[in-house]
Amino acid sequence: MAEHTEANRQYFEKLAKSYKTDFQKGLEAICRQVDSRRSWISDIWTNTEAGNGKEIKMMEYACGPGAVSLTLAPFVSKVVGLDVSEGMVSEYNKNAQEAGFGDKMTALKGDLLAETIPEELPGPEYFDFDIVVVSMAFHHFERPDLAMARFGERLKKGGVCMVVDIVPASDDHHHHHHHQGPHRVEHGFGNAEHTVKSHGFTEEQMQQLYEGAGLTGFRYEVMDEQVVFHKEGKELIKTLFIARGQRV
Ligand SMILES: C[S@@+](CC[C@H](N)C(=O)[O-])C[C@H]1O[C@@H](n2cnc3c(N)ncnc32)[C@H](O)[C@@H]1O
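These numbers come from a predicted model, not from an experiment.

Caption draft 1: Region of the structure containing the overall build of the protein. Counting secondary structure elements, the protein contains seven helices and ten strands. The buried share of the protein, reckoned over its 248 residues, is 54%. Taking all contacts inside the protein whose residues are at least 6 apart in sequence as the whole, residues at least 24 apart take part in 73%. Surface exposure of the protein reaches about 11,600 Å², of which carbon and sulfur atoms provide 49%.

Listed below in C-alpha cells is the structure:
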C-alpha cells in the first residue's frame, strides 16, 4: 500500500467506531442532498423506467461506515463497499445488517488506487457497475486523476460516477453569512491534515478529472446546506459539491 494510503488507513482505523456518530449531522446532510438528486445523478434506479426490472450494481469506494450506500441501497439491486480500513469495513457490514440490507450490501477491504492491483482482488464482482459513488474521499487521494480513471474502468457503458467532496474555501463564495456565531471556525483539516492531499475541488478541476478519465455528461452542483465537522473542539465548516459523469 502506498505511503499516503497507509497514513489514511491508520488515521481512519482509529476513527472507524466513532465516525458515524461524530459526523452524524454532516452525513445526514450529505445523504439528504444525494437522495434529493437521485434523478440528477442517474436515470437508472430500480424505481425508474430506465432501470425497472434490471439488475443495478453500485460500488461505494472509500465507503467508511456506508451512509451513502444506505441511502441509495433501496434503489439498486446490489451494493459493494471498498475501503482501506478494516474497521470501516466492519462498521459498514454491521450497519448494512442493522438496516436490513445484509442480503444486498457488503464491503471488503481493498485498495483500487495502488500502482498495480492484484488481478484476483477484489474480484470480478467489482466490475461492470451502473454506479460508483465516492463521498468525502477524493481529497484524501494522492492521485485524484488515477482514482477517477480506475473508477471509470469499473463502470459499464452508460454507468455513472458520482463524487461528493469539498468546495475549496477560496472558491466558496456561497454561504459565508452562516455560522458567524461565537464558535471558532477553521478552514483546515485539524489533525487530519497529513491525510489530505487537496483542500477540495472546483467545478473546473472536477470537470478535468472526469474528462481526463473519458467520462462525459459532467454535472456539478454546490450543495445548499453547509456541513459542520467537529475536531479538537473546533468547528470545521465546509461547503460541499456533488458531481457526476458517465462512461460512453
Ligand atoms: C472521510 S471518510 C468518508 C467515508 C464515507 N465515504 C462517508 O462519506 O462518510 C474517508 C474514507 O476513505 C477511506 N480511504 C482513504 N484513502 C483511501 C484509499 N486510497 N482507498 C480506499 N479508501 C480510502 C478511509 O479509510 C475512510 O473510510
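Caption draft 2: Expanded view of the site of the ligand. Near the ligand lie 18 residues; those nearest to it are Tyr19, Tyr61, Ala62, Asp83 and Ser135. Contacts to the ligand include Glu60, whose side-chain N or O atom sits 3.3 Å from a nitrogen atom. At 2.6 Å, a side-chain N or O of Asp83 approaches an oxygen atom of the ligand. Mapped by element, the contributors of at least two residues to the shell around the ligand are α1 (3-22) and β1 (57-61). Broken down by element, the shell around the ligand gets its largest block of residues, four residues, from α1. Class assignment for the residues of the shell around the ligand results in eleven nonpolar, five polar and two charged.

Caption draft 3: Region of the structure containing the pattern of salt bridges. On inspection of all chains with the given rule, the structure shows nine salt bridges. Glu221 is the partner of Arg37 in a salt bridge, and the nearest nitrogen-oxygen pair spans 2.8 Å. Highlighted residues: Arg37 in the loop between α2 (24-36) and α3 (38-41) and Glu221 in strand β7 (residues 215-222), separated in sequence by 184 residues. The buried category is assigned to Arg37, whose relative accessible area is 10%. Among the ionic pairs, Lys94 bridges to Glu91, the shortest N-O distance being 3.5 Å. Taken together, the residues Lys94 and Glu91, both in helix α5 (residues 86-98) and three residues apart, mark about one turn of the helix.

Caption draft 4: Examining the packing of α1 against α5 more closely. Their axes nearest at 7 Å, the elements α1 and α5 cross at an angle of 25 degrees. What the angle tells us is that α1 and α5 run roughly parallel. Every residue of α5 that contacts α1 at Phe12, Glu13, Ala16, Lys17, Tyr19 and Lys20 is listed here: Glu86, Gly87, Met88, Glu91 and Asn95. The residue makeup of the contact of α1 with α5, split by class, is four nonpolar, two polar and five charged.

Caption draft 5: Layout of the state of the cysteines. Enumeration over the complete set of coordinates arrives at zero disulfides. In this structure Cys63 is not part of a disulfide, and its nearest cysteine sulfur, from Cys31, lies 13 Å away. You can see Cys161 has no disulfide; the closest cysteine sulfur is in Cys63, sitting 15 Å from it. Given the relative accessible area of 0%, Cys161 is considered buried.

Caption draft 6: Focus on the confidence of the model for the protein. When pLDDT is averaged along the protein, the result is 91; 93% of the residues meet or exceed 70. Here residues 177-184 is modelled with pLDDT under 50, and outside its nearest four sequence neighbours on either side it reaches eight contacts, counting other chains as well.

What counts, and at which threshold
- Residues numbered from 1 in each chain as written.
- Predicted model: local features only at pLDDT ≥ 70, side-chain atom pairs only at ≥ 80, totals over all residues.
- Heavy atoms only, no water.
- Helix = DSSP H or I, 4+ residues; strand = E, 2+ residues; numbered from the N terminus.
- Buried < 20%, exposed > 50% of the residue type's maximum accessible area, 1.4 Å probe, protein only.
- Contact = heavy atoms within 4.5 Å.
- Areas by Shrake-Rupley, 256 points an atom, 1.4 Å probe, with all protein chains shown as cover.
- Near = heavy atom within 4 Å.
- Polar contact = N/O pair within 3.5 Å; in protein donor to acceptor, adjacent residues only side chain to side chain.
- Nonpolar A, V, L, I, M, F, W, Y, C, P; charged D, E, K, R; others polar.
- Salt bridge = Lys/Arg side-chain N within 4 Å of Asp/Glu carboxyl O.
- Axes fitted to C-alpha atoms, helices over the stretch in contact; angles between N-to-C directions.
- Parallel < 35°, antiparallel > 145°, perpendicular 65-115°, else oblique.
- Disulfide = S-S within 2.5 Å.
- pLDDT = per-residue confidence, 0-100.

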